[in-house]
Amino acid sequence: MTFDEMPPTGQQLVQSVLADPADNTARLVFADWLDEHDDPIWASYIRLSIYRPAKSGHRIGGLLRRLQNRWDREYPIGIRYRCYHANRGFLEYLSFGGN
């Protein structure tokens with residue numbers, strides 16, 4: 001689900017993460033909310049990125065590929081991202097390019 005599709009509570013939780021990016025508690029509360037709102041992939045990605053980033057490389061990579069497939073569907077046809085950087089379950093930047 002995109003930010004605009006989220007209920008107000010989800011949007012407020014995202015805003016809490018953005019207001020204090022160093023706070024893992026806000027990220028984990030949002031992950032719990034995602035589990036309750038049928039998004040276990042992103043929830044698991046957030047948790048693994050916080051708790052076990054070095055030891056969960058293969059599992060994190062699989063979750064990330066599933067999230068990337070979702071991102072591909074959400075962007076208009078012909079718009080593709082070229083590179084990104086994720087930090088503890090959230091994108092920090094995303095670079096776009098053509099086909």
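Criteria and cut-off values
Residues numbered from 1 in each chain as written. Predicted model: local features only at pLDDT ≥ 70, side-chain atom pairs only at ≥ 80, totals over all residues. Heavy atoms only, no water. Core = buried A, V, L, I, M, F, W, Y, C linked by side-chain atoms within 4.5 Å. Buried < 20%, exposed > 50% of the residue type's maximum accessible area, 1.4 Å probe, protein only. Helix = DSSP H or I, 4+ residues; strand = E, 2+ residues; numbered from the N terminus. Salt bridge = Lys/Arg side-chain N within 4 Å of Asp/Glu carboxyl O. Phe/Tyr/Trp six-rings, centres within 6.5 Å; stacked < 30°, edge-to-face > 60°. Axes fitted to C-alpha atoms, helices over the stretch in contact; angles between N-to-C directions. Parallel < 35°, antiparallel > 145°, perpendicular 65-115°, else oblique. Left-handed = near helix turned anticlockwise from the far one by under 90°. Contact = heavy atoms within 4.5 Å.

### A word on the nonpolar core
Next, step 1: In this structure, Phe30, Leu34, Trp42, Tyr45, Ile46 and Phe90 are the most contacted members of the largest nonpolar core, which totals 23 residues.
Next, step 2: Those elements that place two or more of their residues in this core are helix H1 (8–19), helix H2 (24–36), helix H3 (40–51) and helix H4 (57–74).
Next, step 3: A total of seven residues in this core trace back to one element, the largest contributor, which is H3.

### Re the pattern of salt bridges
Note on pairing: side chains with opposite charge can pair once their charged atoms come close.
Next, step 1: Going through the model one piece at a time under the given rule, you end up with two salt bridges.
Next, step 2: Taking the shortest distance from any N to any O, the salt bridge between Arg47 and Asp32 comes out at 2.7 Å. Of this pair, Arg47 sits in helix H3 while Asp32 sits in helix H2, placing them 15 residues apart in sequence.
Next, step 3: Here Arg47 falls in the partly exposed class, since its relative accessible area comes to 22%.
Next, step 4: Of the residues examined, Asp32 reaches a relative accessible area of 41% and is grouped as partly exposed.
Next, step 5: A salt bridge links Arg47 to Asp35, with the nearest nitrogen and oxygen atoms 2.8 Å apart. Taken together, the residues span a long stretch of sequence, with Arg47 in helix H3 and Asp35 in helix H2 at a distance of twelve residues.
Next, step 6: A relative accessible area of 34% places Asp35 in the partly exposed class.

### Side note on the packing of aromatic side chains
Next, step 1: Using the criterion set out here, one finds four aromatic pairs in the structure.
Next, step 2: Ring centres of Trp42 and Phe90 lie 5.5 Å apart, and the angle between their planes is 55°; on these two criteria the pair is classed as tilted. Residue Trp42 is found in helix H3, and its partner Phe90 is found in strand S2 (residues 90–97); the two are separated by 48 residues along the sequence.
Next, step 3: For Trp42, a relative accessible area of 15% gives the class buried.
Next, step 4: Here the aromatic residues Phe30, Trp33, Trp42 and Phe90 are joined through ring pairs into a cluster of three or more.

### As for unusual backbone geometry
Next, step 1: Backbone geometry at Asp38 places phi at a positive 60°, although glycine is not the residue there.
Next, step 2: Here Asp38 lies in the loop between H2 and H3.
Next, step 3: Residue Asp38 is classed as exposed on the basis of its relative accessible area, which comes to 72%.
Next, step 4: In this structure, Arg88 takes a positive phi of about 50° despite not being glycine.
Next, step 5: In this structure, Arg88 sits in the loop between strand S1 (80–87) and S2.

### Some thoughts on the packing of H1 against H2
Next, step 1: Direction vectors running N to C along H1 and H2 enclose 160°, while the axes themselves pass 8 Å from each other. By the criterion of interaxial angle, the relationship of H1 to H2 is roughly antiparallel. Considering how the two elements wind past one another, H1 and H2 form a crossing that is left-handed. Between H1, through Thr9, Gly10, Leu13, Val14, Ser16 and Val17, and H2, the contact on the second element is made entirely by Ala26, Arg27, Val29, Phe30 and Trp33.

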